[in-house]
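# Per-entry structural report
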Number of protein chains: 2
Amino acid sequence: MDVVLLGSGNVATHLGLALAKGGHRIVQVYSRTLGNASLLANQFQAVAIDDITQLVAQADVFILAVNDDAIESVVGKLPLDIDGLVVHTSGTTAIDVLSPLGRYGVFYPLQTFSKSKEVDFRAIPIALESHHEDDMAVLESLAHSISDVVFHCDSAQRLTLHIAAVFACNFTNHLFAVAADLLQHNGLSFDLVKPLVMETAEKILTLDPAEAQTGPAVRDDRKTMEKHLSILREHPNWQHLYQLLSADIQRNKY
Amino acid sequence: MDVVLLGSGNVATHLGLALAKGGHRIVQVYSRTLGNASLLANQFQAVAIDDITQLVAQADVFILAVNDDAIESVVGKLPLDIDGLVVHTSGTTAIDVLSPLGRYGVFYPLQTFSKSKEVDFRAIPIALESHHEDDMAVLESLAHSISDVVFHCDSAQRLTLHIAAVFACNFTNHLFAVAADLLQHNGLSFDLVKPLVMETAEKILTLDPAEAQTGPAVRDDRKTMEKHLSILREHPNWQHLYQLLSADIQRNKY
């Protein structure tokens, strides 16, 4: 398919590379900053533009991979005679934001993208939604060409998926940061807990997380919890976090 | 070396198997329940006992792998003429609990053990502490025979290590459980976030967690955070957790 990318950040970059590898043609890359558009466009021999009125009218799919906050304003500037399917890539934005357009949908890859780290796109789940039923076949074909895990979900489900990802990924990473800080301030290397982090992640590939729960809270080992809280007295936020997480583990009574 | 195991739970089992594989001889297994002692002892052709006065007096190392709460009472019952090094395996218990004995120390493997899941002991960090300096060589030799990551740490550092493990492992797993619950109640499979969980864990093998932080909180994307909080209104605990974790991410201002 002929694809136009609107955006030049992490999602646009990783998605563009995966689509090009999947045999599609990236024809244009739009960014507000021409330099950024060019950097990405040069990877595909695509045309870089910073003026949205210069969009080609005909492409199979236009992918809006801009910040969530910018979607609405970019949609407002799109030429309404666009003859192609326009999709956004946002977990938190309802499909309706694209309703001024004729054919539209959502193409949401559920992954955390960093500029410096390559990802295996075939393992990344892609959530699809389309306004016209006919267009779903186009999205499915595009998604299957780069990923093995393609599924339909509506805007409300996609938002749940996004919150779940915040808990399982962003908040989890913050707990790693807390652990790293505690260790480093006591002359210990964060490397020491890395095998534990990998084991914890690998466990839930085969076990339900509720079944895999270990530690003082689920054992109701109050003596240990008290020791921990006393050590954390210099960090009231983490003490509070410790109490809340422990209480929630106990409330769920595995 | 000749090793006696006191305890028959997950730590005793995994440690015993690793030591036997490392060429040591497990001579006795003690448990309050003879059936449990036998189950484990049979794996090593060791003698199972449930009467602590029947302990062999001579072994190189006696490993106390019982619940933290039980250590003190087991120490109280140990024959004081024991001629060998006695170590406990607890992250949260100071070395002093063993002070009624002659030669003592700590042998703390930093990992989460489940009965059903084998672990690669060579990658598990083992923290050592000994009362007499001479005995450190014995502990080092024993630890190096089963693990590639052996280090010294005192009782205060070991407690910090244990808290860090609770944040990086137990609390992290609970966040996975929250994500699984949210997904399942919205008709979505937890499988969908598993690639994200693995990517999040793998990232911190090479990146500092503070650098790896992504998501709405670190971007200060208030619109998304408000949407998430509104979705979580039926779960006041998780709403509270969301606010606390987001505020802490922002407080640390990566």
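In the block above lies the structure referred to throughout.
Everything in this summary refers to the structure shown in the same document. On a predicted model such as this, the values are computed, not experimentally measured, just so you know.

## As for the sheet that holds strand β3 (residues 47-49) of chain B
Residue and element names in this part refer to chain B. Pairing is mixed in the open sheet, where eight strands are placed in the order β3-β2-β1-β4-β5-β6-β7-β8. The open sheet has two edge strands with one neighbour each: β3 and β8 (150-152). Averaged over neighbouring strand pairs, the angle between their axes works out to 25° when direction is ignored.

## Considerations on the nonpolar core
Judged by nonpolar contacts, the single largest core of 125 residues is most densely connected at Leu 6 and Phe 167 of chain A together with Leu 6 and Phe 167 of chain B. What Leu 6 of chain B contacts, discounting residues up to four positions off in sequence, is Tyr 30, Ile 52, Leu 55, Phe 62, Ile 63, Leu 64, Ala 65, Val 66, Val 74 and Leu 78 of chain B.

## So, the pattern of salt bridges
Applying the stated criterion to the full structure yields 16 salt bridges over all chains. Residue Asp 2 of chain A is joined to Arg 25 of chain A by a salt bridge in which the shortest nitrogen-to-oxygen separation is 2.9 Å. Of the two residues, Asp 2 of chain A is situated in strand β1 (residues 2-6) and Arg 25 of chain A in strand β2 (residues 25-30); the sequence distance between them amounts to 23 residues. Taking relative accessible area as the criterion, Asp 2 of chain A reaches 23% and is therefore assigned partly exposed. For Arg 25 of chain A, a relative accessible area of 51% translates into the label exposed. As a salt-bridge pair, Asp 221 of chain B and Arg 219 of chain B come within 3.1 Å of each other at their nearest N and O atoms.

## So, the relation of the copies chain A and chain B
Between the two copies, chain A and chain B, the superposition gives an RMSD of 0.0 Å; the rotation angle is 180° and the shift along the axis is 0.0 Å. Look at the turn and shift together and you get a two-fold axis relating the two. Rotation axis and chain A: the residue whose C-alpha lies nearest the axis is Thr 172 of chain A, separated from it by 2.6 Å. Most of the interface of chain A is mirrored in chain B: 100% of its interface residues are interface residues there too.

## Here we look at the interface of chain A and chain B
On the side of chain B, 85 residues touch chain A, which itself brings 85 residues to the contact. Contact between chain A and chain B buries roughly 8,500 Å² in total, counting both sides, with carbon and sulfur atoms accounting for 69%. When the buried area of chain A at its contact with chain B is split by residue, Phe 167, Phe 171 and Leu 196 of chain A rank highest and sum to 8% of it. Here chain A is connected to chain B by 26 residue pairs in polar contact (both at pLDDT 80 or more). Listing elements by their share of the side of chain A that touches chain B, those giving two or more residues are α5 (155-184), α6 (194-206), α7 (209-212), α9 (222-231) and α10 (236-251) of chain A. For the side of chain A that touches chain B, the leading source of residues is α5 of chain A, giving 25 residues.

## A closer look at the packing of aromatic side chains
Any aromatic ring pair is given by two values, namely how distant the centres are and how the planes are angled relative to each other. Tallied over the entire structure, the rule returns six aromatic pairs over all chains. Centre to centre, the rings of Phe 171 of chain A and Tyr 242 of chain B are 5.2 Å apart; their planes meet at 75°, and the pair counts as edge-to-face. With Phe 171 of chain A in helix α5 and Tyr 242 of chain B in helix α10 (residues 236-251), this residue pair bridges two chains. For Phe 171 of chain A, a relative accessible area of 1% translates into the label buried. Within the aromatic cluster, the residues linked to one another by ring pairs are Phe 167 and Phe 171 of chain A together with Tyr 242 of chain B.

## Considering the packing of α5 of chain A against helix α5 (residues 155-184) of chain B
Direction vectors running N to C along α5 of chain A and α5 of chain B enclose 180°, while the axes themselves pass 9 Å from each other. Put simply, α5 of chain A runs roughly antiparallel to α5 of chain B. The class makeup of the residues in the contact of α5 of chain A with α5 of chain B is 24 nonpolar, four polar and no charged.

## Things to note about empty space enclosed by the protein
One pass over the structure, following the stated rule, counts three cavities of 30 Å³ or more. Counted as a void, the largest cavity has a volume near 50 Å³. Considering the residues around the largest cavity, the lining is formed by Thr 200, Lys 203, Ala 212, Gln 213 and Thr 214 of chain A together with Thr 112, Cys 169, Asn 170 and Asn 173 of chain B. Looking at the lining of the largest cavity, the elements that each hand over two or more residues are α6 of chain A together with α5 of chain B. Among the elements that line the lining of the largest cavity, the one with the most residues is α5 of chain B, at three residues. Across the lining of the largest cavity, the residue classes break down as two nonpolar, six polar and one charged.

## Re the packing of α5 of chain A against α10 of chain B
Between α5 of chain A and α10 of chain B, whose axes approach to 11 Å, the crossing angle comes to 50°. Comparing the axis directions of α5 of chain A and α10 of chain B gives the class oblique. For the element pair α5 of chain A and α10 of chain B, the recorded crossing hand is left-handed. Here Val 166, Phe 167, Asn 170, Phe 171, His 174, Leu 175 and Val 178 of chain A of α5 of chain A lie close against α10 of chain B, whose contacting residues are Trp 238, Leu 241, Tyr 242, Leu 245, Ser 246, Asp 248 and Ile 249 of chain B. A per-class count over the contact of α5 of chain A with α10 of chain B returns 10 nonpolar, three polar and one charged.

Calculation notes
- Residues numbered from 1 in each chain as written.
- Chains lettered and ligands numbered in written order.
- Predicted model: local features only at pLDDT ≥ 70, side-chain atom pairs only at ≥ 80, totals over all residues.
- Heavy atoms only, no water.
- Pairing = 2+ DSSP bridges.
- Helix = DSSP H or I, 4+ residues; strand = E, 2+ residues; numbered from the N terminus.
- Axes fitted to C-alpha atoms, helices over the stretch in contact; angles between N-to-C directions.
- Core = buried A, V, L, I, M, F, W, Y, C linked by side-chain atoms within 4.5 Å.
- Buried < 20%, exposed > 50% of the residue type's maximum accessible area, 1.4 Å probe, protein only.
- Contact = heavy atoms within 4.5 Å.
- Salt bridge = Lys/Arg side-chain N within 4 Å of Asp/Glu carboxyl O.
- Least-squares fit on C-alpha atoms with pLDDT ≥ 70 in both.
- Buried area = accessible area lost by both parts, 1.4 Å probe.
- Polar contact = N/O pair within 3.5 Å; in protein donor to acceptor, adjacent residues only side chain to side chain.
- Phe/Tyr/Trp six-rings, centres within 6.5 Å; stacked < 30°, edge-to-face > 60°.
- Parallel < 35°, antiparallel > 145°, perpendicular 65-115°, else oblique.
- Nonpolar A, V, L, I, M, F, W, Y, C, P; charged D, E, K, R; others polar.
- 1 Å grid on protein atoms, 1.4 Å probe; cavity = no way out; pocket = protein on both sides within 12 Å on 5 of 7 lines; lining within 4 Å.
- Points joined across faces, edges and corners; volume = space filled by probe spheres on them.
- Left-handed = near helix turned anticlockwise from the far one by under 90°.

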